[in-house]
Amino acid sequence: MSFQNPVFIPGPTNIPESLRKACDMPTIDHRSPLFGQILHPAREGVRKVLKSDSAEVFIFPSTGTGGWETALTNTLSPGDKVLAARNGMFSHRWIDMCQRHGLDVQIVEAQWGAGLPADRYEEILTADKGHEIKAVLATHNETATGVKSDIAAVRRALDAAGHPALLFVDGVSSIASMDFRFDAWGVDVAVTGSQKGFMLTAGLAITGFSEKAMAATGSATLPRTFFDIRDMETGYANNAYPYTPAVGLLNGLNEACRMLLDEGLENVFARHHRIAEGVRAAVRAWGLELCAISPEVYSDTVSAIRTPDGFNATDIVTHAANTYGVAFGVGLGEVAGKVFRIGHLGSLTDVMTLSGIATAEMCMADLGLDITLGSGVAAAQEYYRAHSALPQKDAA
Ligand SMILES: Cc1ncc(COP(=O)(O)O)c(C=O)c1O
């Protein structure tokens, strides 16, 4: 087993050395002002990464899934109606969680590979004259299919319908990697985890609540204890948690936000876009197709790549791990065996990405696919040469 190779799964991502060091710290009293010096800047950093002036940030020892539960249980009551589209495995799992919590989910089925159908949302919301729908769920980036959705369009759908439902956005594989605008899009609850754009290990559910979502906690009656934001608020006011926080990870989160904000969010997004475009150039050179059906939904954090009919795409992932010690992502749910995924988010450079593309080529050739070695690498190299990550000096 080698730990030398970068991973190309769509989270957890590669961890920069500075973040590993930030997480590795001595024990401190987690009910002391010293803890507050880690907690409060981390919350403020997350707020900035969300592009919000006013979101209340709550961070739990959990993962993105816990963030979903935080959104639902703090704002909704049993039997409440929610609107959600299913266009991949993660939107499916959030719907499943709603149903297990006794919510009444109106599901819009969408093609796996397409974005959220904001126009259908608008029709449904307009028809809901009695405002029975209490929340609209939107998965910003479907990690299973490599598809991004237009959250601004979902907000426009709500506004056009004059509908007061809360807007919950799963930004687990987009926040801190792709443009995300909490305030401008009128997001009510944003959800993410520590192990993707924030480049840390898994272990934190990171959520942002709008004023409207905060107000909804007063009347929400779904059972909640561990994820109760009211207890968390009381804890935060005393530089503490209602239980024992993951101090090292929070210290890492604080540092991650500092890194992202120092780089500049727009530069972070541009870097992800550039790296993703190189991967997409490679996919085209291989003569393969993305699961994402059109360029406007291409994700800049993960590409799900279709393999020819009759070929089990999961074999590429198994072969890469066994033969080259490199991790790619398997297909999930409806697209299991039909796609393999290259994760290209977090701490990644052009050069690291080229190694992943080269490995994917070796695997596909080893397994008998008609792939010319070097074709994808060359296409990505051309793209990266033409779109350098570093400031250019004059040739003279
Ligand atoms: C879009 C999306 N939502 C939710 C989740 C679930 O997050 P976690 O695995 O951190 O619980 C994931 C995980 O990959 C994801 O990609």
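Residues numbered from 1 in each chain as written. Predicted model: local features only at pLDDT ≥ 70, side-chain atom pairs only at ≥ 80, totals over all residues. Heavy atoms only, no water.

A. Quick look at the domain arrangement of the chain. Along its sequence, the chain is carved into domain 1 (17-262) and domain 2 (264-386). When each unit is reduced to the centre of its C-alpha atoms, the spacing between domain 1 and domain 2 is 28 Å. In this assembly, 29 residues from domain 1 lie in contact with 26 residues from domain 2. For domain 1, the biggest contributors to the area lost against domain 2 are Trp112, Lys148 and Ser177; these three give 25% of the whole. Our enumeration of links across domain 1 and domain 2 arrives at one salt bridge. The salt bridge partner of glutamate 266 is lysine 51, with a shortest N-O separation of 2.8 Å. For the interface between domain 1 and domain 2, the tally reads eleven residue pairs in polar contact (both at pLDDT 80 or more). Elements supplying a minimum of two residues to the side of domain 1 that touches domain 2: α2 (33-49), α4 (89-100), β6 (147-148) and α9 (247-263). Here the element with the most residues in the side of domain 1 that touches domain 2 is α9; it accounts for three residues. (Domains from an automatic or database assignment. Contact = heavy atoms within 4.5 Å. Buried area = accessible area lost by both parts, 1.4 Å probe. Salt bridge = Lys/Arg side-chain N within 4 Å of Asp/Glu carboxyl O. Polar contact = N/O pair within 3.5 Å; in protein donor to acceptor, adjacent residues only side chain to side chain. Helix = DSSP H or I, 4+ residues; strand = E, 2+ residues; numbered from the N terminus.)

B. Layout of the side chain of threonine 207. Note that threonine 207 resides in strand β9 (residues 204-209). Threonine 207 has contacts with Glu56, Val57, Phe58, Phe60, Gly67, Thr70 and Ala190, leaving out every residue within four places of it along the chain.

C. A look at the pattern of salt bridges. What the rule picks out here adds up to 20 salt bridges. Aspartate 96 is the salt-bridge partner of arginine 100, the closest N and O atoms lying 2.8 Å from each other. Of this pair, arginine 100 and aspartate 96 both sit in helix α4, four residues apart, which is roughly one turn of the helix. Here arginine 100 falls in the exposed class, since its relative accessible area comes to 68%. (Buried < 20%, exposed > 50% of the residue type's maximum accessible area, 1.4 Å probe, protein only.)

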